[in-house]
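What the coordinates show
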Amino acid sequence: MTVIEVRGLVKQFGPATVVGGLSFSVGAGTIAGFLGPNGAGKTTTLRMLLGLVWPSSGQAVIWGKPYRELGDRRRRVGAVLEASGFHPGRTVTAHLRVRCAATGTGRSRIDAVLADTGMTGLAGRQTGSLSLGERQRLGLAAALLGEPEVLILDEPANGLDPAGVLWLRGFLRQLGEQGRTVLVSSHILAEVAQFADHAIVIDRGRLVSAGPVTELTKTARQVVTVRSPRAEALRAALASEGAAVRAAGPDRLEISGLDTEQVATLAAALGIPIFEITTDTGSLEQAFLRLTATEGRPG
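Below, the structure is looked at part by part.

Regarding the packing of aromatic side chains
We describe a pair of aromatic rings using the distance from one ring centre to the other and the angle between the two ring planes. Within this structure, the stated rule accounts for two aromatic pairs. Arranged with centres 5.2 Å apart and planes meeting at 15°, the rings of Trp-167 and Phe-171 form a pair that is stacked. With Trp-167 and Phe-171 both in helix H5 (residues 162-177) and four residues apart, the pair spans about one turn of that helix. One residue, Lys-11, lies across the ring of Phe-13, its end atom 5.0 Å from the ring centre. Between Arg-137 and the ring centre of Trp-167, over which it is positioned, the NZ or CZ distance is 4.3 Å.

If you want it as C-alpha cells, here you go:
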C-alpha cells in the first residue's frame, strides 16, 4: 500500500525552479532515505508534502490526499522540519503541553514521548538552554505525541553527538519494525544506509534514483581484491578480458569490471593459485556521488 506519493511535483520561486517534475512513492512500513546535495529541493518537497508550501503544479499526498484534506487523520502524521520554534522561556514539558493543545492530543502521552526520546531528565529545563541535539530530540518527541503512523523528518541527526546518532539509528529501525512509514531527509549518507530500506535520490529538484538501498549500493563501483603469487600473470589475463586492474602490492590486485566468480573462474582455468579474494560491494556514499555528480559541485 502506498502511503506517501509525489506526482509530477513542481515548485518555482520566481524564475527559479526548485523542484521540477518530481515523482516518487513510499509504501507502508517503509523507512525511506530522501537524499540529495544541498539545494536539491529536499526541504521544499517535504514542506509541500505537509501543506506548508503550495506547489506550482503536481501533487504531494499522504494516503491519497493533500495533508490539508486529511482532517483528524493529520494527528497520525508527525513531522520535524527544523529544530526551532521553541519559546526559550518554556520548559520542555510546557512546550509539549502546548503542542498537545494545538493538535488535540491528550497530555497522557507526554511522559511516554520523553522516555522514548531520552528527554525525561530534561523535562523541567527551559528550551532556550537546550543544545541543538537536545532540541532535535524535543522536536521528535513532539512529533510522536499523536502516535503517528507516518513520520516526516528533515535532517534529524543534525546536531546529535555520536551517541545520539547511534540512538537515532536504533530508534528509526524500531519505528520500521512497528510498521510505521518514515521519510527521512539526510546528507549523512553512510548513516542512512544503517537504518533505511529504501532510498530516493534527487538532484536539482529531479529524481535520479529510487529503490531499495541494497540496489542503490550495487550501482557503486565494485572492486574485487585478489592476492596471488602469480599476480602479474593474472593481471595480464584479466586485462585481456576487459577488466580494469590495479596493482595494490607485489602480490595483490584490485579489479573492477568482473565479479568474484568471474575472477576466480579465470584464475582456475589458467592454474593460477589465489590465496585471498574479497569484494568491496560499494557504499551508499559512492552511489550517491556517482548519481548526482557532486564531486565538482561547490559546497
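Here the narrative resumes.
Some points on the pairing of strand S12 (residues 252-256)
Note: strand S10 (residues 223-227) against S12, four bridges, orientation antiparallel. In the sheet register, Thr-225 faces S12, and the bridge partner there is Glu-254. Bridge count between strand S11 (residues 244-249) and S12: five bridges; the pairing is antiparallel. Bridging from a neighbouring strand, Val-245 pairs with Ile-255 of S12. Hairpin connection from S11 to S12: two residues lie between these consecutive antiparallel strands.

Quick notes on the rules
- Residues numbered from 1 in each chain as written.
- Predicted model: local features only at pLDDT ≥ 70, side-chain atom pairs only at ≥ 80, totals over all residues.
- Heavy atoms only, no water.
- Phe/Tyr/Trp six-rings, centres within 6.5 Å; stacked < 30°, edge-to-face > 60°.
- Helix = DSSP H or I, 4+ residues; strand = E, 2+ residues; numbered from the N terminus.
- Lys NZ or Arg CZ within 6 Å of the ring centre and 35° of its normal.
- Pairing = 2+ DSSP bridges.

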